[in-house]
Amino acid sequence: MTPKGTAWRTHRCGELRAAHARQRVRLGGWVHRRRDLGGLVFVDLRDRAGLVQVAFGPGWSPPDVLARAGGLGSETVVVVEGEVVARPPDMRNSELATGDVEVHAAQLEILGPAVTPAIPVARAKGEDLAAEELRLKYRHLDLRRPEMQANLMLRHRLLQRARETLSDLEFLEIETPILTKPTPEGARDYLVPSRLHAGEFYALPQSPQIYKQLLMVCGFDRYFQIARCFRDEDLRYDRQPEFTQIDLEASFVGQEDVLGFVEAVLVALWEEAGHVIGRPFPRLTHREAMERYGTDKPDQRYDLAIADWTAQVRPLGVPFFQSVMKDGSRVRGLAVKGGGALSRKDVDQLAEAAKQLGGAGLAWVKRQGEQISGSVGKHFTAETLGRLGVGDGDAALMTVGPDRVTSPVLDKVRQEVIRRLAPRPATAHAFCWVVEFPLFEPDPATGRPVFAHHPFTSPHPEDVAKLEGDPLACRALHYDAVYNGHELGSGSIRITDPAVQRRVFAHLGLTPAEAEARFGFLLAALAAGAPPHGGFAIGFDRVTMLLAGAASLRDVIAFPKTTAARALFEGAPAPAGPADLATLHIEVKR
């Protein structure tokens, strides 16, 4: 047995090259395609390494072997043995890595006959995939597609590279519990009933947050884990109820130290996928990101930033703006280079999108030389537009209102403008850090402070005094890594003073007794001597999706859930029988 050879094969199909010519090989794989050419049978044999053409002919294949080859069905598992032969120059296939050779088969053994596949594995160029629900139901076939296998092999390589990078940085890989205690976000926990303790429940962890902080208190200094996490929330294309993150925590560190560790991992992951990334990444404060891009995960590949035009527009007396201008309202907009190419239909659709997000609508002006047009064009001159940065052939898109309304509106408009005009990006890979997030945000229903991320994030040292009198003005030592408009992960420097941690719990509405009941073990650990520490969690599924160029997380996870949180392949979730429920002290009421 060689490292790749086994009792059944000497090589993988996709590994054969011209250097193997005249060697006798034994291959095992799946029948990808079969072609009969009057006495010659060609089979594309597939395994995870790729495809190779196997030829069955009267000059080298016994009659019984040739006859069996003619009856092979798609996805049948076979073993063939024969000689690797160099193809004539005019018969080579440049689209295959193995295209310089073929195997002349002398033996054929059928190991796994296959019924007609419910969905095709082999597809002709341009042929559409089967519907996603079908592909998820027949995942054992969908995962045979070379594209899916390439995605999961990339995932493997990225995991190993992350482990290598963090190990080189002297992080220790330590597993934390999967059965843990329900959190303050209990509505999003998956609960697991205890058989031994009637009426009590474990929770599946939304993250290893508390445990990794405890490991710092325990003196392990640097921890990481490829952590499985669970969150019962509404799903989107980039969310799953169970997901994987590269979790890390370090002691005696400040914010810049943690950012450096995470940058090292991200640069290594992108390098593994074939991209060279520079560091350090640019920094934006949360306030700057919201002001310039309307979002805390800005796509900085494009030179298109939101501007405050209140001072320039106010003297013009535009009714659209004057009618809704109130305290705290501003006129903000985008100077769109080449925006004159936007059609009236485009602009109307953008205006409708603005209204759906709660905005007042969208005012627009186009400039063609000295000619000005648009919904508020009569109020502008070429000179006025020039002061806004709107040149010949450009457009200005504007809205008005408080920032909490105009920021998401202009973020959406910016994304749509980029999609419709498809400008050339300034860079293919735009990483940045967004720092100084708010520690608290107002609850939409009550207005009282709720934690913006999690309650273990340290307040900014300059804002600790605001905890009592003005908590919503407190900044956090929290940071997000952003790539091309996608949040890759979040982290923070943690609270180590149990008194400050209690004050944060109080702001969240927890009484001292409730804080002790839920987090007494953490408070006790902090009181036992806690080093300064901080950490981060990289959303590994999302990173893999982006590096694979996949459209959905489901394309980089072996057995994912649908957006309805169902596993179609195995049929989960499923009802439990009465005996099982009784054992767990549970009764289901319908």
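Up top is the structure these notes are about.
First things first, this report covers the structure right here in the doc. On a predicted model such as this, the values are computed, not experimentally measured, just so you know.

**A word on the overall build of the chain**
What the chain contains, in helices and strands, is 17 helices and 22 strands. Considered along the principal axes of its C-alpha atoms, the chain spans approximately 90 × 75 × 55 Å. Out of the 590 residues in the chain, the part that is buried amounts to 47%. For the chain, the separation between the mean place of its 72 positive charges and that of its 74 negative charges on side chains is 3 Å.

**What about the pairing of strand E1 (residues 24–36)?**
Working note: regular strand, side chains alternate between the two faces of the sheet. When E1 meets strand E4 (residues 77–86), the two strands line up antiparallel, connected through 7 bridges. Bridging across to E4, Arg 26 finds its partner in Glu 81. With 6 bridges connecting them, E1 and strand E2 (residues 41–47) associate as antiparallel partners. Paired with Asp 36 across the bridge in E2 is Val 41. Connecting the antiparallel pair E1 and E2 is a turn made up of 4 residues, with Gly 38 showing a positive phi of about 55 degrees.

**Focus on the sheet that holds strand E15 (residues 371–373)**
Pairing is antiparallel in the open sheet, where 5 strands are placed in the order E12-E13-E16-E14-E15. Edge strands, defined here as strands with exactly one partner in the open sheet, are strand E12 (306–308) and E15. This sheet shows a mean twist of 25 degrees between the axes of neighbouring strands, independent of strand direction.

**Examining the packing of aromatic side chains**
Evaluation of the coordinates by the stated rule reveals 14 aromatic pairs. With centroids separated by 5.0 Å and ring planes inclined at 75 degrees, the aromatic side chains of Trp 270 and Phe 431 adopt a geometry described as edge-to-face. With Trp 270 in helix H6 (residues 255–272) and Phe 431 in strand E17 (residues 431–435), this residue pair connects regions lying 161 residues apart in the sequence. Residue classification places Phe 431 among the buried positions, given a relative accessible area of 6%. Ring geometry for Phe 281 versus Phe 431: centroids 4.6 Å apart, planes at 20 degrees, classification stacked. Taken as a pair, Phe 281 in the loop between H6 and strand E11 (283–285) and Phe 431 in strand E17 lie far apart in primary sequence, 150 residues in all. Looking at Phe 281, the relative accessible area reads 4%, which means it is buried. Counting every residue linked through ring pairs, the aromatic cluster contains Trp 270, Phe 281, Phe 431, Trp 433, Tyr 479, Tyr 483 and Phe 536.

**Description of the pairing of strand E22 (residues 533–539)**
Most of E22 is tucked away: 6 of the 7 residues are buried. Direction of pairing for strand E10 (residues 242–251) relative to E22: antiparallel, over a ladder of 7 bridges. Bridging across to E22, Gln 245 finds its partner in Gly 539. Note: strand E21 (residues 486–493) against E22, 5 bridges, orientation antiparallel. Across the sheet, residue Ser 490 finds its bridge partner in E22, namely Ala 537.

**Re the nonpolar core**
Residues Leu 266, Leu 269, Trp 270, Trp 433 and Phe 536 are the most contacted members of the largest nonpolar core, which totals 37 residues. Ranked by residues supplied to this core, first place goes to H6 with 9 residues. Counting residues in each nonpolar core, the second largest holds 22 residues, with Val 31, Phe 56, Leu 66 and Val 103 among its members.

What counts, and where the lines are drawn
- Residue positions are given per chain, counted from 1 along the sequence in the order it is written.
- pLDDT decides what is reported in this predicted model: residues at 70 or higher carry local features, side-chain atom pairs at 80 or more are listed and counted, and totals for whole chains, interfaces and linings draw on all residues regardless.
- For the side-chain quantities, the full set of heavy atoms in the structure was used; hydrogens and water were omitted.
- Every helix listed is a DSSP run of H or I at least four residues long, and every strand listed is a run of E at least two residues long, numbered separately from the N terminus.
- When accessible area is computed with a 1.4 Å probe and restricted to protein chains, residues below 20% of their type maximum are described as buried, those above 50% as exposed, and intermediate ones as partly exposed.
- Only four residue types enter the tally: Lys and Arg on the positive side, Asp and Glu on the negative side, with His and both chain ends excluded.
- The atom standing in for a charge is NZ when the residue is Lys, CZ when it is Arg, CG when it is Asp and CD when it is Glu.
- The rule for pairing is simple: two strands pair if DSSP sees at least two bridges between them.
- A fitted line through C-alpha atoms represents every axis, and for helices the fit uses only the stretch in contact; the resulting angles, taken between N-to-C directions, go from 0 to 180 degrees.
- Aromatic rings from Phe, Tyr and Trp, with only the six-membered ring used for Trp, were paired whenever their centres fell within 6.5 Å, and each pair was classed as stacked if the ring planes differed by under 30 degrees, edge-to-face if by over 60, and tilted otherwise.
- For this analysis, a nonpolar core means a set of buried residues of the types Ala, Val, Leu, Ile, Met, Phe, Trp, Tyr and Cys, connected via side-chain atoms within 4.5 Å.

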